[in-house]
Amino acid sequence: MSLIHQFLGDETFDPLLSMINKCPILSTPTDWKETKDAHVFISDLPGLKKEEVKVEVDEGRVLQISGERNNVDVEDKNNKWHRIERFHGKFQRRFRLPLNAKVDQVKAIMENGVLLVTIPKDEVKKPDTKVIQIEGN
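This one's a predicted model, so the numbers in the text were calculated from it and none came from an experiment.

1. Details of the packing of aromatic side chains
Then, number 1: Considering all chains together, one arrives at three aromatic pairs under this definition.
Then, number 2: Arranged with centres 6.0 Å apart and planes meeting at 75°, the rings of Trp32 and Phe95 form a pair that is edge-to-face. Of this pair, Trp32 sits in strand E3 (residues 30-34) while Phe95 sits in strand E7 (residues 89-96); the two residues are 63 residues apart in sequence, bridging distant segments of the chain.
Then, number 3: Of the residues examined, Phe95 reaches a relative accessible area of 11% and is grouped as buried.
Then, number 4: When the centroid spacing of 5.1 Å and the interplanar angle of 50° are considered together, the rings of Phe41 and Phe95 count as tilted. Linking Phe41 in strand E4 (residues 38-44) with Phe95 in strand E7, this pair joins segments that are 54 residues apart in sequence.

2. Notes on the sheet that holds E7
Then, number 1: Strand order in this open sheet of three strands is E5-E6-E7, and the pairing throughout is antiparallel. Only two strands of the sheet have a single partner each, and these edge strands are strand E5 (53-57) and E7. Ignoring strand direction, the axes of neighbouring strands in this sheet form an average angle of 10°.
Then, number 2: The sheet contact formed by strand E6 (residues 62-69) and E7 spans eight bridges and is antiparallel. For Ile65, the partnering residue across the bridge sits in E7 and is Arg93.

3. Concerning the pattern of salt bridges
Then, number 1: Tallied over the entire structure, the rule returns four salt bridges.
Then, number 2: Put simply, Lys102 and Asp122 hold a salt bridge, and the shortest N to O gap is 3.9 Å. Highlighted residues: Lys102 in the loop between E7 and strand E8 (107-111) and Asp122 in the segment after strand E9 (114-120), separated in sequence by 20 residues.
Then, number 3: Its relative accessible area of 37% is what places Asp122 among the partly exposed residues.

4. A short note on the pairing of E5
Then, number 1: Relative to E6, E5 runs antiparallel, the two sharing five bridges. Pairing of Val53 across the sheet is with Gly67, part of E6.
Then, number 2: Linking two consecutive strands that pair antiparallel, namely E5 and E6, is a turn of four residues; a positive phi of about 65° is found at Arg61 within it.

5. A closer look at the nonpolar core
Then, number 1: Formed by 14 residues in total, the largest nonpolar core has its most connected members in Phe41, Val53, Leu63, Ile65, Phe91, Val117 and Ile119.
Then, number 2: Of all the secondary-structure elements, those providing two or more residues to this core are E6, E7 and E9.
Then, number 3: Among the elements that line this core, the one with the most residues is E9, at three residues.
Then, number 4: In contact with Val117, not counting residues within four places along its chain, are His39, Val40, Phe41, Val55, Leu63, Ile65, Val106, Lys107 and Ala108.

Calculation rules
- Residues numbered from 1 in each chain as written.
- Predicted model: local features only at pLDDT ≥ 70, side-chain atom pairs only at ≥ 80, totals over all residues.
- Heavy atoms only, no water.
- Phe/Tyr/Trp six-rings, centres within 6.5 Å; stacked < 30°, edge-to-face > 60°.
- Helix = DSSP H or I, 4+ residues; strand = E, 2+ residues; numbered from the N terminus.
- Buried < 20%, exposed > 50% of the residue type's maximum accessible area, 1.4 Å probe, protein only.
- Pairing = 2+ DSSP bridges.
- Axes fitted to C-alpha atoms, helices over the stretch in contact; angles between N-to-C directions.
- Salt bridge = Lys/Arg side-chain N within 4 Å of Asp/Glu carboxyl O.
- Core = buried A, V, L, I, M, F, W, Y, C linked by side-chain atoms within 4.5 Å.
- Contact = heavy atoms within 4.5 Å.

Pasting the structure below:
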């Protein structure tokens, strides 16, 4: 719970949660680690099914993770909502991939609300060194 609150009538408004819910980057925490063999992206997407998430790599070598969490039914007549803090709505994260990422071999797995995207790496070959003869006397 945020330390900052404003009271509007009988409802509490939390500006921090409001900002998080409106920002698709803040609402989709994603870690990116690089191992010796791959780039690995881990996104927390609790409550979402794999059908509600899309993973794409465009020609510009940009990984995009997007989707939409269904809105809470605030108009539900049988229940009274006191707080709505969980993110809802569309989200999108984009990451520019390095040149060593094999973008044609991307794999994505979703389990228990965690999306794991693995992109294998090409071996980075060191350029050959060419010795240049120095002319002159």
